[in-house]
Amino acid sequence: MKKEEHTIKPWGGRFKEPTDVFVEAFTASVGFDKRLYAHDIAGSIAHARMLAHVGVLTSGEYEAIVEGLQAIKEEIEQGRFEWKVALEDVHMNIEARLIERIGEVGKKLHTGRSRNDQVATDVRLYLRDEIVEIQAELTRLQQNVVLLAEAHVDTIMPGFTHLQTAQPVTFGHHMLAWFEMLKRDAGRLSDCAARVNIMPLGAAALAGTSYPIDRSYSAELLGFTAVAQNSLDAVSDRDFVIEFIAVCSLIMTHLSRFSEELILWASAQFDFIELGDSFCTGSSIMPQKKNPDVPELIRGKTGRINGHLVSMLTLMKGQPLAYNKDNQEDKEPLFDTIDNINGSLRVFADMIPAIKVKSDNMREAALKGFSTATDLADYLVRKGVPFRDAHEIVGRAVNRGIELGKDLSQMSLKELQKFSKKIEQDVFDVLTLEGSVAARDHIGGTAPRQVASAVAQAKQWLGIS
Ligand code: ARG
């Protein structure tokens, strides 16, 4: 096949033979990077405006370019744009179409620029917008978690360590533990956003450009807070992608742990909650089933996001400066992370208000498993018994309870006094669930009074009343 029969490449000048057809498809990224089109066009418009500002383009040329780019944007959005694999990526597809539409002047857009700084700029612009969406979903989830906590500041459930009944806690307190995790996630996401918002444009291929460009002007036009300070680093850096996926991995890890609890609690064995019908599915064979598919799927998706983090770290670890084609492989993990984190946060936020809390079952479960044993030990300490001795005494009382099939609060005073003469009638105040949680009355404790104040603070932080 003669070269003329192939799409002419923007870089075709030094080549004698056309690209192998399979290689063309193999190296193309347009199939997935076309989602950058709006940011590619915004970047190009700012670049052209900067070139006109410094006198490299005339204002007439600038206007023709902007008009052409805006028309192309419309073509894309109306589904009239023909993406060509032969034109490799989103950048060359749009540039080639610009030249087709406005002629010679279109060829001037790429002055003082390379696809290397262009793609790095596009990805940062795109990610910057996506982070805003993700932040909104994360906030919505936090709000719903806090509202659920607020409705249950004094609902008592068993608290667990090692998944064994440990001490009674309030369900509101438990929910606020999730709020704290999500709050750290929100902080990490804004830290990451600040480092995403740095402009590589102007680095050109790797060394900068000989045109009198004004990078601060382009940065201002595009809303970047700073200009990347080293052109080699600017085109090769993908730390911001790694950092973003790392933040998402941690968010997913939190959602996965949260999911695991919801799944356990929704089981017939725990029976602490019922998930909304619209977040569950049935079984095609077992008519009684109501499966917690949404939390299960989120738990599952955590694996793929963690995988993307490892992909990105591995992608970068062997690359010499500056740009290498390897970097094209950053997009699919990044895009997939964005899609899945958005979807997971959204469905989680929707699922929370649809949870039915079975307070009576939680309370009943808290009454089992000797959850107030520590309270009895603390009671003895207050009566002058050293803590280690108190621990031993209560351990023996628990053993007796197991034999009798009774919780400590159900044992008679006489039975309890067999283990220590210090035990008196007032012991029953501390052996109740309410007495136990109310006693943990300090910042970060599970007492309803503290939980109510933590809810108020969380609502203030979220700006809701
Ligand atoms: N499609 C490429 C990417 O995603 C754009 C940059 C290509 N630059 C180059 N010199 N081949 O990284």
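This one's a predicted model, so the numbers in the text were calculated from it and none came from an experiment.

### Quick word on the site of the ligand
Item 1. What surrounds the ligand is the set Ser29, Asp33, Asp89, His91, Arg115, Asn116, Val119, Tyr323, Gln328 and Lys331.
Item 2. Between a nitrogen atom of the ligand and a side-chain N or O atom of Asn116, the distance comes to 2.9 Å.
Item 3. Side-chain polar atom of Tyr323 to an oxygen atom of the ligand: 2.4 Å apart, as the coordinates give it.
Item 4. Burial of the ligand by the protein amounts to 86% of the accessible area it has alone, namely 340 Å².

### Some words on unusual backbone geometry
Item 1. A cis amide bond, omega 0°, links Leu321 with the succeeding residue Ala322.
Item 2. Here Ala322 lies in the loop between helix H11 (293-317) and helix H12 (331-351).
Item 3. We note that His162 has phi near 55°; this positive angle belongs to a residue other than glycine.
Item 4. For His162, the location among the structural elements is in the loop between strand E1 (156-161) and strand E2 (164-170).
Item 5. Phi is positive for Asp271, close to 55°, though the residue is something other than glycine.

### What to know about the packing of aromatic side chains
Item 1. Following the criterion strictly, the structure yields 10 aromatic pairs and no others.
Item 2. Here the aromatic residues Phe160, Phe270 and Phe272 are joined through ring pairs into a cluster of three or more.
Item 3. Seen from the ring of Phe15, Arg14 lies directly overhead, with NZ or CZ sitting 5.7 Å from the centre.
Item 4. Positioned over the ring face of Phe224 is Arg128, at 5.4 Å from the centre of the ring.

### Comments concerning the nonpolar core
Item 1. The biggest cluster of nonpolar side chains holds 89 residues, and the ones touching the most others in it are Leu141, Val145, Met175, Phe244, Leu255 and Phe348.
Item 2. No other element matches the 13 residues that helix H10 (residues 239-265) contributes to this core.
Item 3. With 21 residues, the next largest nonpolar core counts Tyr379, Ile393, Ile423 and Leu431 among its residues.

### Observations regarding helix H6 (residues 115-151)
Item 1. Taking 1.5 Å per residue, 37 residues should reach 54 Å; H6 reaches 54 Å between its end C-alpha atoms and fits that length.
Item 2. For H6, the N-terminal cap is Ser114; the gap from its side-chain oxygen to the backbone nitrogen of Asn116 is 2.8 Å.

### Some words on the packing of H10 against H11
Item 1. For the pair H10 and H11, interaxial distance at closest approach is 8 Å and the crossing angle is 160°. Here H10 is positioned roughly antiparallel relative to H11, judged by the angle of their axes. Two packed elements cross with a definite hand, and for H10 against H11 that hand is left-handed.
Item 2. A breakdown of the residues in the contact of H10 with H11 according to their chemical character gives 15 nonpolar, seven polar and four charged.

### Side note on empty space enclosed by the protein
Item 1. Within this structure, the stated rule accounts for two cavities of 30 Å³ or more.
Item 2. The computed volume of the largest cavity comes to approximately 60 Å³.
Item 3. Taken together, Asp40, Ser44, Leu69, His91, Met92, Ile94, Glu95, Leu109, His110, Arg113, Arg115 and Gln118 make up the lining of the largest cavity.
Item 4. Contributions of two or more residues to the lining of the largest cavity are made by helix H3 (37-53), helix H5 (90-102) and H6.
Item 5. With four residues, H5 is the largest single contributor of residues to the lining of the largest cavity.
Item 6. A volume near 40 Å³ is recorded for the second largest cavity.
Item 7. Forming the walls of the second largest cavity are His47, Met50, Gly112, Met199, Leu201, Gly202, Ile213, Arg215 and Ser218.
Item 8. In terms of residue class, the lining of the second largest cavity is made up of four nonpolar, four polar and one charged.

### Observations concerning the pairing of E2
Item 1. Here six bridges tie E1 to E2, and the two strands are oriented antiparallel to one another. Within E2, the position partnered with Gly159 by the bridge is Gln167.

### Details of the pattern of salt bridges
Item 1. Under the criterion given, the structure shown has 32 salt bridges.
Item 2. Between Lys108 and Glu61 there is a salt bridge, and its shortest N-O distance comes to 2.5 Å. Placement of the pair is Lys108 in the loop between H5 and H6 and Glu61 in helix H4 (residues 59-77), with a sequence separation of 47 residues.
Item 3. In this structure Glu61 comes out as buried when scored by relative accessible area, which is 16%.
Item 4. In this structure, the salt-bridge partner of Glu403 is Arg400, at a minimum N-O distance of 2.8 Å. In this pair, Glu403 and Arg400 both sit in helix H15 (residues 387-404), three residues apart, roughly one turn of the helix.
Item 5. With relative accessibility at 30%, the residue Arg400 sits in the partly exposed group.
Item 6. Overlapping salt bridges, with partners in common, bring together Glu75, Arg97, Glu100 and Arg101 in one network.

Conventions adopted
Residues numbered from 1 in each chain as written. Predicted model: local features only at pLDDT ≥ 70, side-chain atom pairs only at ≥ 80, totals over all residues. Heavy atoms only, no water. Near = heavy atom within 4 Å. Polar contact = N/O pair within 3.5 Å; in protein donor to acceptor, adjacent residues only side chain to side chain. Areas by Shrake-Rupley, 256 points an atom, 1.4 Å probe, with all protein chains shown as cover. Helix = DSSP H or I, 4+ residues; strand = E, 2+ residues; numbered from the N terminus. Phe/Tyr/Trp six-rings, centres within 6.5 Å; stacked < 30°, edge-to-face > 60°. Lys NZ or Arg CZ within 6 Å of the ring centre and 35° of its normal. Core = buried A, V, L, I, M, F, W, Y, C linked by side-chain atoms within 4.5 Å. Buried < 20%, exposed > 50% of the residue type's maximum accessible area, 1.4 Å probe, protein only. Expected span 1.5 Å × (residues − 1). Axes fitted to C-alpha atoms, helices over the stretch in contact; angles between N-to-C directions. Parallel < 35°, antiparallel > 145°, perpendicular 65-115°, else oblique. Left-handed = near helix turned anticlockwise from the far one by under 90°. Nonpolar A, V, L, I, M, F, W, Y, C, P; charged D, E, K, R; others polar. 1 Å grid on protein atoms, 1.4 Å probe; cavity = no way out; pocket = protein on both sides within 12 Å on 5 of 7 lines; lining within 4 Å. Points joined across faces, edges and corners; volume = space filled by probe spheres on them. Pairing = 2+ DSSP bridges. Salt bridge = Lys/Arg side-chain N within 4 Å of Asp/Glu carboxyl O.

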